[in-house]
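Structural overview
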Amino acid sequence: MYYIYEKSSTYIIGKPNANGIAKPDHRCSYKTMAAAKAALTRIAKVEPDYDPTRYAIAETGVFHDLIEKTV
């Protein structure tokens, strides 16, 4: 499983809604890297202020062990 996350806050990003805006959603994961990349491409096409350095993709285990910020 893979997550798309925002690099600065480490929020897991969900699928784009009807307006095309992707919001944080901790329940959203993708089965393959290809599916996550496709979702990131869809987000890039609809977000007017898309910045390619804002988001990244990580495997769930790596994300929880090394990337996720804790309080």
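As the structure is a computational prediction, the values presented were derived from the model and not from experiment. (Residues numbered from 1 in each chain as written. Predicted model: local features only at pLDDT ≥ 70, side-chain atom pairs only at ≥ 80, totals over all residues. Heavy atoms only, no water.)

Describing the overall build of the protein
In terms of helices and strands, the protein carries 2 helices and 2 strands. When the helices and strands of the protein are listed from N to C terminus, the series reads β-α-β-α. Summarising its shape, the C-alpha atoms of the protein cover approximately 30 × 25 × 20 Å along the three principal directions. Counting all 71 residues of the protein, 31% fall into the buried class. For the protein, contacts bridging at least 24 residues in sequence account for 57% of all contacts bridging at least 6. For the protein, the distance from the average position of its 10 positive side-chain charges to the average position of its 8 negative side-chain charges is 7 Å. (Helix = DSSP H or I, 4+ residues; strand = E, 2+ residues; numbered from the N terminus. Buried < 20%, exposed > 50% of the residue type's maximum accessible area, 1.4 Å probe, protein only. Contact = heavy atoms within 4.5 Å. Lys, Arg positive; Asp, Glu negative; His and termini not counted. Charge placed at Lys NZ, Arg CZ, Asp CG, Glu CD.)

Some remarks on the nonpolar core
Grouped together as the largest cluster of nonpolar side chains are 11 residues: Tyr2, Ile4, Ile13, Ala22, Cys28, Tyr30, Ala36, Ala39, Leu40, Ile43 and Tyr55. Elements with a minimum of two residues in this core: strand E1 (2-6) and helix H1 (33-46). Sort the elements by how many residues they give to this core and H1 lands first, with 4 residues. When neighbours within four sequence positions are excluded, alanine 22 is seen to be in contact with Ile13, Gly14, Lys15, Pro16, Ile43 and Glu47. Residues Tyr5, Ile12, Ala56 and Ala58 belong to the second largest nonpolar core, which totals 6 residues. (Core = buried A, V, L, I, M, F, W, Y, C linked by side-chain atoms within 4.5 Å.)

Some remarks on the pattern of salt bridges
Under the criterion given, the structure shown has 2 salt bridges. Linking arginine 54 and glutamate 6 is a salt bridge whose minimum nitrogen-to-oxygen distance equals 2.9 Å. Of the two residues, arginine 54 sits in the loop between H1 and strand E2 (55-59) while glutamate 6 sits in strand E1, which places them 48 residues apart along the sequence. Taking the relative accessible area as the measure of exposure, arginine 54 reaches 31% and is therefore partly exposed. Residue glutamate 6 is classed as buried on the basis of its relative accessible area of 13%. (Salt bridge = Lys/Arg side-chain N within 4 Å of Asp/Glu carboxyl O.)

Some details on the environment of arginine 27
By secondary structure assignment, the location of arginine 27 is in the loop between E1 and H1. At a separation of 3.0 Å, a polar atom in the side chain of arginine 27 contacts the side chain of aspartate 25. (Polar contact = N/O pair within 3.5 Å; in protein donor to acceptor, adjacent residues only side chain to side chain.)

A word on the side chain of glutamate 6
A polar side-chain atom of glutamate 6 sits 2.9 Å from a polar atom in the side chain of arginine 54. Discounting chain neighbours no more than four positions away, the residues touching glutamate 6 are Tyr11, Ile13, Arg54 and Tyr55.

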